[in-house]
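# Structural description and commentary
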Amino acid sequence: MRVPCERTDPTVKIVLKIPQGVQFDDYEPIPGWTVSTSQTGGSQIVTWQATGNGIAPGQFMQFPFIASNPSTPGNIAWDAYQYYKDGTIVTWTGPTGSATPHSVTQILSASPATSATSDTTPAGTSGVSAPTAPTWSAGWTMADTVILTVSIVSILLSGLALAFALRRDNAR
């Protein structure tokens, strides 16, 4: 989860409501922040609380965590609440296209050729997601294949150059 600070006061707390069917598993500790989990109304709540200055204006922080997807396909909405030092709370719970949309993850049915995709948009960002590299069998990407091919050709050309150099030295 990436959280930018878009106001003049620092962000000091983030609360994430885990969607129904999703299981929050683990999180990465972030220096200067504590993490707690609770249950409210049947929903799991994860809270990151700053122990220091929080997220300064114009900066962002990432809060990595692992969660298990639901077993059924569909869209899941991640509601988040961003607390600022001045007491302002921004609720990232609106529909897509609103001023404060929640992030949505699309869970697809499992098959060998598909995987879950996400249009998870961190609070306050433009929704641009990183492209996924096309993959070949065994998890190789096209870039891996190109690098391997170039490496093999380079080794072959080096061997050929060495052979010609040795042949020229022997001819003298």
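Residues numbered from 1 in each chain as written. Predicted model: local features only at pLDDT ≥ 70, side-chain atom pairs only at ≥ 80, totals over all residues. Heavy atoms only, no water.

The subject of this paragraph is the pairing of strand S9 (residues 89-92). In regular strands, side chains alternate between the two faces of the sheet. Across the two faces of S9 the burial differs, with Val90 and Trp92 buried and Ile89 and Thr91 not buried at all. Sheet analysis places strand S8 (residues 74-84) next to S9, joined by four bridges and oriented antiparallel. Within S9, the position partnered with Gln82 by the bridge is Val90. Joining the antiparallel neighbours S8 and S9 is a turn of four residues, in which Gly87 adopts a positive phi near 95°. (Buried < 20%, exposed > 50% of the residue type's maximum accessible area, 1.4 Å probe, protein only. Helix = DSSP H or I, 4+ residues; strand = E, 2+ residues; numbered from the N terminus. Pairing = 2+ DSSP bridges.)

Turning next to the packing of aromatic side chains. This model, assessed by the stated rule, comprises five aromatic pairs. Arranged with centres 5.6 Å apart and planes meeting at 35°, the rings of Phe24 and Phe65 form a pair that is tilted. One end of the pair, Phe24, is in strand S3 (residues 23-27); the other, Phe65, is in strand S7 (residues 65-68), and 41 residues separate them in sequence. A residue is classified by how much of its surface remains accessible, and Phe65, at 24% relative accessible area, is partly exposed. Note on Phe65 and Trp78: the rings are 5.8 Å apart at their centroids and 55° apart in plane angle, and the pair reads as tilted. Taken as a pair, Phe65 in strand S7 and Trp78 in strand S8 lie far apart in primary sequence, 13 residues in all. Site record: aromatic cluster; members linked through ring pairs are Phe24, Trp33, Trp48, Phe63, Phe65 and Trp78. The aromatic ring of Tyr84 is capped on one face by Arg7, whose charged end is 5.5 Å from the ring centroid. Across from the ring centre of Tyr83, 4.6 Å away, lies the NZ or CZ of Lys13, which sits over that ring. (Phe/Tyr/Trp six-rings, centres within 6.5 Å; stacked < 30°, edge-to-face > 60°. Lys NZ or Arg CZ within 6 Å of the ring centre and 35° of its normal.)

It is worth spelling out the nonpolar core at this point. Of all hydrophobic cores here, the largest spans 22 residues; its most connected members are Ile14, Ile18, Trp33, Trp48, Ile55 and Phe63. Among the secondary structure elements, those contributing two or more residues to this core are strand S2 (11-17), strand S5 (43-50), S8 and S9. Counting residues per element, this core draws most heavily on S8, which supplies four residues. The residues touching Trp48, leaving out its near neighbours within four places in the chain, are Met1, Val12, Lys13, Ile14, Leu16, Trp33, Thr34, Val35, Phe63 and Phe65. (Core = buried A, V, L, I, M, F, W, Y, C linked by side-chain atoms within 4.5 Å. Contact = heavy atoms within 4.5 Å.)

Turning to the side chain of Ser43, a few remarks are in order. Here Ser43 is to be found in strand S5. Here Ser43 falls in the buried class, since its relative accessible area comes to 6%. Each residue touching Ser43, except ones within four places of it in the same chain, is listed here: Lys17, Gln20 and Ser38.

On to the environment of Ile89, then. Summarising the element assignment, Ile89 is placed in strand S9. Take Ile89: its relative accessible area is 43%, and that puts it in the partly exposed class. Separated by 78 residues in the primary sequence, Ile89 and Thr11 place their C-alpha atoms 9.4 Å from one another. Residue contacts for Ile89: discarding those within four places in its chain leaves Tyr81, Gln82 and Tyr83.

That's the geometry; what it means functionally is another story.
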